[in-house]
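Listed below are the residues making up each chain.
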Amino acid sequence: MDTEFIPFLKFSSISEIYPELIQNEQITRYKTLIRSFEKLYNRKPKFIARSPGRVNLIGEHIDYAGFGVLPMAISRDVLIAVDFPNEREENDMKVRIANVLKEKYPSKSWDYEGKEKIVEIKVKERVSEWENYFKSGYKGILQYLSLDEPKGMYCLIDGSVPPGAGLSSSAAFICSVIIATCFVNKAKLTKKQVTEIAIESERFTGMNAGGMDQTVSIFSLKDHALYIKFLPSLIAIPTKLPSVNPPFVFIVANSLIVSDKVITAPTNYNLRVVETKLAAYHLGKSLFNKPCENLKQVSDLYSNNEEVNIENLIKLSNYVEKIYENNHDGFTLNELSSILDLNEDEIKSKFISKFPVRTNKYQLYKRSKHVFEEAMRVLKFYELCSNDDKDDNNIVEKLGNLMNESHKSCKELFNCSCDELDDLVKICLNGGAFGSRLTGAGWGGCTVSLIYENDIDKFINYVWEKYYNIRFPNLSKDELDNVIFATSPGSGAAIITDL
């Protein structure tokens, strides 16, 4: 194996990446991508970069608050077939990108604009241009590498992660761009470095990313979920799911309600980030006379910097109930000024200026309570997986109950669900799921449900009849296969060279 090009990601065969059941399907997909590349550019790709989407099993909207989460990679991914200029074209630094869905995503190109600027990214509040995701990864990695003359690139993208579905399509795209650019420019980076660059890069799109999506896309191992801790430093712990008979699987079901995180960020995602930071500032000031940067820091101070534990998280949740007992409906900016002892301009400068938000009231009670209790559910889920007590006949039910509690909190405390997601969760539970919850940012996108493997067909047929056939009766069989599917833990990012 060549050791000079991010060697931990380099594979010679897709059999090392995908489950056996879908390997033939993926071989056909890769061959089609290569043929399309040759037809488009009249040259052959030298490699294919791929990064997977993810499904979060539990731990929603707590990564940017500093707490650990428990997601897994799925087989749906973003592929980028890449070639770069040869020796005769060595001064060519132009980037050319195209998409297999050329009608929806038109081809683009741009020139490298020097070490300071690299490339211009125009982010409009109501417009999310697809090439911005490529440019964000490209700019982020070249800022880090600080190259004088990065190589040009010929790229063709094929993504199977549905955008806006809460399966981390944007992070998968940006991670694949970063590893492709690394490979082209012979960069030596660790998984941690790539992940941290990807987290920062997504912020060029206007999103205040937390870090879970990028970590899963880079660090995942085949057949393992990941328990990810972010503070004091990034740690990804491969986690085997419990062995039971019959075995269980997860069903991902797309509500087909598309939530564009960039467009809705000021009232949804970015607002939640700001609200958790405001709560951390206030709770730290109240408990320790020390304003905190995030809710994990509040937890660390409360436990004297010992490991996060369930008992202290329960106590913090109870404290949230006490301190906000007279205000469950949120604070106006003027009211925040009073409790934080900051004037309104200071609040805007400290919390709102970088990622603008829109709201009349800031929900400190609901957001902080969700974060502490969701962090507690992650620990319980991880302990059940780690112990893997083969004599525990109720372990699947216990995992399912934690998922159900998580969805209830996302719906009622974090307000990141929607009517269609709630309906889909209810249908999945009625169809036999032990647990079902929204996954990803929410406000649309997907649910993830826990069922026994031998119930897959029966379960999918039930959900089709009760949800898709009623709300989306014109879906074809091929379309249905893309909106509801079974999945097990998949592999992380890869460079495939044996084409």
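Residues numbered from 1 in each chain as written. Predicted model: local features only at pLDDT ≥ 70, side-chain atom pairs only at ≥ 80, totals over all residues. Heavy atoms only, no water.

Condition: UniProt positions are given in the numbering used here, feature names are shortened, and annotations may be inferred rather than shown by experiment.
Under the annotation held in an unreviewed UniProt entry, the chain carries the name Galactokinase and is attributed to Glomus cerebriforme. For the chain, the Pathway (unreviewed entry) comment in UniProt is given as "Carbohydrate metabolism; galactose metabolism." Note on the chain: under the UniProt heading Sequence similarities (unreviewed entry), the record states "Belongs to the GHMP kinase family. GalK subfamily."

1. Some words on the packing of aromatic side chains
For clarity, the cut-off: Working definition: rings of Phe, Tyr and Trp (its six-membered ring) pair if their centres are within 6.5 Å, and the pair is stacked with planes under 30 degrees apart, edge-to-face with planes over 60 apart, and tilted otherwise. Secondary structure follows DSSP: runs of H or I at least 4 residues long count as helices, runs of E at least 2 residues long count as strands, and numbering of each begins at the N terminus. Each residue is placed in one exposure class: buried if its accessible area under a 1.4 Å probe, protein chains only, is under 20% of its type's maximum, exposed if it is over 50%, and partly exposed if it falls in between. By definition here, charges over rings are those cases where NZ of Lys or CZ of Arg is within 6 Å of the ring centre and within 35 degrees of the ring normal.
Summed over all chains, the structure comprises 19 aromatic pairs. Centre to centre, the rings of Tyr-41 and Tyr-154 are 5.4 Å apart; their planes meet at 75°, and the pair counts as edge-to-face. With Tyr-41 in helix H1 (residues 23-41) and Tyr-154 in strand E6 (residues 153-159), this pair connects stretches of sequence that are 113 residues apart. Residue class for Tyr-41 comes out buried when judged on its relative accessible area of 16%. Each residue in the set Tyr-105, Trp-110, Trp-130, Tyr-133, Phe-134, Tyr-138 and Phe-173 is aromatic and connected to the rest through ring pairs, giving one cluster. The ring of Tyr-154 has Arg-96 lying over it, and the distance from NZ or CZ to the ring centre is 4.1 Å. The lysine or arginine in question, Lys-135, covers the ring of Trp-110, its NZ or CZ lying 5.2 Å from the ring centre.

2. Considering the domain arrangement of the chain
Stated formally: Residue ranges assigned to each domain were obtained from an automatic or database domain assignment. Between two residues, a contact is recorded if the distance between any of their heavy atoms is within 4.5 Å. A 1.4 Å probe defines the accessible area here, and the buried area is the portion of it lost by two parts on being joined, summed over both. We define a salt bridge as a contact between a side-chain nitrogen of Lys or Arg and a carboxyl oxygen of Asp or Glu at a distance within 4 Å.
Considered domain by domain, the chain is made up of domain 1 (8-240 + 489-497) and domain 2 (269-415). The distance between the C-alpha centroids of domain 1 and domain 2 comes to 30 Å. Listed by partner, the interface residues are 27 residues for domain 1 and 30 residues for domain 2. Of the roughly 2400 Å² buried between domain 1 and domain 2 on both sides combined, carbon and sulfur atoms contribute 69%. Counting across the interface, domain 1 meets domain 2 through 1 salt bridge. With its nearest N and O atoms 2.9 Å apart, the salt bridge here joins Lys-229 to Glu-307.

3. Points about helix H5 (residues 191-202)
Here is the rule we go by: Multiplying 1.5 Å by the residue count of a helix minus one yields the expected span of that helix.
Helix length check: H5 (12 residues) gives 17 Å between terminal C-alpha atoms against 16 Å at 1.5 Å per residue, within 8%. Taken as a whole, H5 has its buried residues at Val-194, Thr-195, Ile-197, Ala-198, Ile-199, Ser-201 and Glu-202.

4. Quick look at the sheet that holds strand E11 (residues 446-452)
The strands making up a sheet associate through hydrogen bonds between their backbones, and the pairing can be parallel or antiparallel. For clarity, the cut-off: Should DSSP find at least two bridges between two strands, the strands are regarded as paired. To obtain an axis, a line is fitted to C-alpha atoms, over the contacting stretch when the element is a helix, and the angle between two such axes runs from 0 to 180 degrees between their N-to-C directions.
Pairing is antiparallel across the open sheet formed by 4 strands, whose spatial order is E10-E11-E9-E12. A single partner strand is all that each edge strand has here, and the edge strands are strand E10 (435-439) and strand E12 (484-487). With strand direction ignored, the average angle separating the axes of adjacent strands in the sheet is 25°. Pairing between E10 and E11: 5 bridges, direction antiparallel. Bridge pairing links Thr-439 to Cys-446 in E11.

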